[in-house]
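# Structural overview
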Amino acid sequence: MSGLRTRRRSRPDRKAWRFLAPFLAVYLFAMIAPIFYAVYQSMLKVERSGPMGLGKPSVGFAGLENYQLALQQTSFLEGFGRVLLFGIVQVPVMLLLALVLALLLDQVKDRWAGLMRATYFLPYGIPGVIATILWGFLYVPGVSPINDMLGSLGFQPDFLGYDNVLWSIANIVIWEFAGYNMLIIVAQLKSIPQELYEAAKIDGAGPWQTALRIKIPLVRPALVLTCVFSIIGTMQLFAEPLVLKKLAPAVNNDFTPNLSAYFDAFANANVYMAAAKSVILAVVAMVLSFGFLSLVNRKRRSER
């Protein structure tokens, strides 16, 4: 009798699956199916027949040919190098700023904390295209008050030049997402038991020691999570360079891998090459994310 009850308990609850079914259906349709379809598209190519290839085109199987051609494009590989350099600089700066803002916000009284939290988070609520247009006006010489102010001091910065446009984009991304990452860290700070703060105060720890020895070590999971999100977002860099392309000659069609796939699909009408580049981009983002997580987990095990 007890064995029958154990078997019944081990069976999944049908009512729970009924509640999960709508979510699973949407997830499979909107997330999983497009991945398989992109992989399928990446293995196709347009074949032309007749003299000089002027006959009726047909779609044939290409195997890994699109991947090979994509990896042979120097400009596409340079785009990966560009976003990797972008991420190496931008991600630590943004997460450090988010951590500092979160620690400062944790020290503010409750009546001001809500206002400051909303102020810091506000840039995240602005779409990336609109944010880039706003910052574009602040970068263009003759329009930008920043350029005018620096010009009066004897500086002539070219924010959209070949040497500076990548860091101008990094500034926009930091402005957009620092507040979002800050909220994740603040949520982790709020989960820290107050007893730890009281014990630290009894031991004579000041605000700096409390932050360095209690708060920062205990918000490490939030920092890891925001870092993974930032790595994925860096590899997907798209809206900011696309908008600035109208203003900055340094931004070309292959400035980032995502931009390269976009122009292949919608400017060159080569959706199969675009699918191959998208799959390569997804694989690189996955490898970097899981590589970072495995490195963090290995370090955590060594500390134990």
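Before reading on, note that the structure itself is shown above.
These remarks concern the structure in this document. (Residues numbered from 1 in each chain as written. Predicted model: local features only at pLDDT ≥ 70, side-chain atom pairs only at ≥ 80, totals over all residues. Heavy atoms only, no water.)

### Looking at unusual backbone geometry
- The phi angle at A269 is positive, at roughly 55°, despite the residue not being glycine.
- By secondary structure assignment, the location of A269 is in the loop between α13 (257-266) and α14 (271-303). (Helix = DSSP H or I, 4+ residues; strand = E, 2+ residues; numbered from the N terminus.)

### Quick notes on the nonpolar core
- Ranked by size, the top nonpolar core spans 19 residues in total, and within it F86, Y139, V165, I169, V251 and F255 carry the most contacts.
- Residue assignment for this core shows that the elements contributing at least two residues are α6 (128-139), α8 (165-190) and α13.
- Tallying contributions element by element places α8 first for this core, with six residues.
- Leaving out residues up to four positions away in the same chain, Y139 has contacts with S144, N147, F159, L160, S168, N171 and I172.
- Residues L101, A102, Y197 and I214 belong to the second largest nonpolar core, which totals 18 residues. (Core = buried A, V, L, I, M, F, W, Y, C linked by side-chain atoms within 4.5 Å. Buried < 20%, exposed > 50% of the residue type's maximum accessible area, 1.4 Å probe, protein only. Contact = heavy atoms within 4.5 Å.)

### Digging into the packing of helix α4 (residues 74-107) against α14
- Contact geometry of α4 with α14 gives a least axis separation of 13 Å together with a crossing angle of 30°. Of the possible angle classes, the one that applies to α4 and α14 is roughly parallel. Judged by the sense of rotation from one axis to the other, the crossing of α4 with α14 is right-handed. Residues F76, F80 and L84 of α4 form the contact with α14, whose participating residues are K277, I280, L281, V284 and L288. (Axes fitted to C-alpha atoms, helices over the stretch in contact; angles between N-to-C directions. Parallel < 35°, antiparallel > 145°, perpendicular 65-115°, else oblique. Left-handed = near helix turned anticlockwise from the far one by under 90°.)

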